[in-house]
Each structure stands twice: as structure tokens, then as C-alpha cells.
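# Report on the structure
Residue-level listing of the chains:
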Amino acid sequence: VQLQASGGGLVQAGGSLRVSCAFSGRTFSDYGMGWFRQAPGKEREFVAVIGWSGSSTRYADSVKGRFTISRDNAKNTVYLQMNSLRPEDTAVYYCAAAYTINMATRSGAYDYWGQGTQVTVSS
């Protein structure tokens with residue numbers, strides 16, 4: 001499995017950004033897909049997860065109501081729409097794929113990881 005994240009960048013506080021993750025190598029709809037982030041000097045943290053069919057989602061409290069995870073199984077792509085961005089959202093964002101557990105929030109449950117895309121929110 002290969003995961004290719006894209007769409008990061010620099011945005012002002014209050015702005016929006018959408019990051020994408022292209023999946024290849026296996027059957028995309030067999031995998032729960034998650035987004036994690038890691039800020040400088042901090043541990044990687046869970047952001048959002050979406051189940052195999054796309055009907056179930058879960059979010060970290062810090063992003064609930066501002067971020068939306070979605071997937072397009074026809075395009076083998078998972079998205080993270082980020083609105084009302086704050087400086088504390090600045091981090092490298094990673095997508096990940098989990099085969100065994102559908103709605104995992106622990107990083108250890110994920111089998112494959114993308115390379116990460118930088119999101120920087122200026123104040």
C-alpha cells in the first residue's frame with residue numbers, strides 16, 4: 001500500500017484548507033482511513049477517522065465542528081476539509097490506513113502511513 005498526501009500549505013487563521021491522500025496498492029474500501037498530525041516538539045495525535053464505507057466518522061475534540069473527513073472510494077482518496085483554522089492546528093498532517101480495525105483512533109492500529117503534508121496557520 002502507498003499513501004500520498006497533498007494539499008498542505010500556509011493559511012491565515014480563520015481560513016480553510018483541504019488536504020488529500022491518494023491510496024494505491026490494495027482495495028481502498030477494505031481500509032479504515034485516519035488523519036493524524038504532529039506539531040514540532042509534540043507527539044503525533046489523532047485528528048479524524050472514517051470507516052470503510054464512509055458512513056461513520058470520528059473526530060478529536062480539538063477539531064470537532066471545524067474539520068470534516070470524507071472519502072471517495074471510486075477515486076481511492078480520503079480528504080480532510082479544515083475550516084476555521086487556528087495557529088495551534090499547525091503541524092505535519094499524516095494519513096494512515098488500517099485493515100483490521102475500522103474506526104481506530106490509536107496510531108498503533110494503523111498499518112500504513114503517508115509521508116505527511118505541512119499545514120501552517122499564521123496568526
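Residues numbered from 1 in each chain as written. Predicted model: local features only at pLDDT ≥ 70, side-chain atom pairs only at ≥ 80, totals over all residues. Heavy atoms only, no water.

With that out of the way, let us pick up the overall build of the chain. Across its full length, the chain holds 0 helices and 11 strands. Tracing the chain from N to C terminus, the helices and strands come up as β-β-β-β-β-β-β-β-β-β-β. Scaling as 2.2 N^0.38, a compact globule of 123 residues should have a C-alpha radius of gyration of about 14 Å, and the chain matches this with 13 Å. Along the first, second and third principal axes, the C-alpha set of the chain runs to 40 × 25 × 25 Å. Looking at the chain as a whole, 44% of its 123 residues are labelled buried. Residue pairs at least 24 apart in sequence account for 58% of intrachain contacts in the chain once pairs closer than 6 positions are excluded. Approximately 6100 Å² of the chain is accessible, and the part contributed by carbon and sulfur atoms is 44%. (Helix = DSSP H or I, 4+ residues; strand = E, 2+ residues; numbered from the N terminus. Rg over C-alpha atoms; globule rule 2.2 N^0.38 Å. Buried < 20%, exposed > 50% of the residue type's maximum accessible area, 1.4 Å probe, protein only. Contact = heavy atoms within 4.5 Å. Areas by Shrake-Rupley, 256 points an atom, 1.4 Å probe, with all protein chains shown as cover.)

Nonpolar side chains tend to gather and get buried jointly when the protein is soluble and globular. Membership of the largest hydrophobic core comes to 39 residues, with the highest contact counts inside it found for Met33, Trp35, Leu80, Met82 and Tyr93. By residue number, the principal contributor to this core is strand β9 (residues 91-98), which donates 6 residues. With residues near it in sequence (within four places) discarded, Met82 still touches Gly15, Ser16, Leu17, Val19, Arg66, Phe67, Tyr93 and Val119. (Core = buried A, V, L, I, M, F, W, Y, C linked by side-chain atoms within 4.5 Å.)

Here we come to the packing of aromatic side chains. Taken as a whole and judged by the stated rule, the model has 8 aromatic pairs. Here the aromatic cluster, defined as three or more aromatic residues joined through ring pairs, consists of Phe23, Phe28, Tyr31, Tyr99 and Tyr112. Cation over ring: Arg44 sits above Tyr94, and NZ or CZ is 3.9 Å from the ring centre. (Phe/Tyr/Trp six-rings, centres within 6.5 Å; stacked < 30°, edge-to-face > 60°. Lys NZ or Arg CZ within 6 Å of the ring centre and 35° of its normal.)

Per the stated rule, a full pass over the model turns up 4 salt bridges. For Arg37, the salt bridge goes to Glu45, with nearest N and O atoms at 2.6 Å. For Glu45, a relative accessible area of 35% corresponds to the partly exposed category. Between Arg66 and Asp89 there is a salt bridge whose closest N-O contact spans 2.8 Å. (Salt bridge = Lys/Arg side-chain N within 4 Å of Asp/Glu carboxyl O.)

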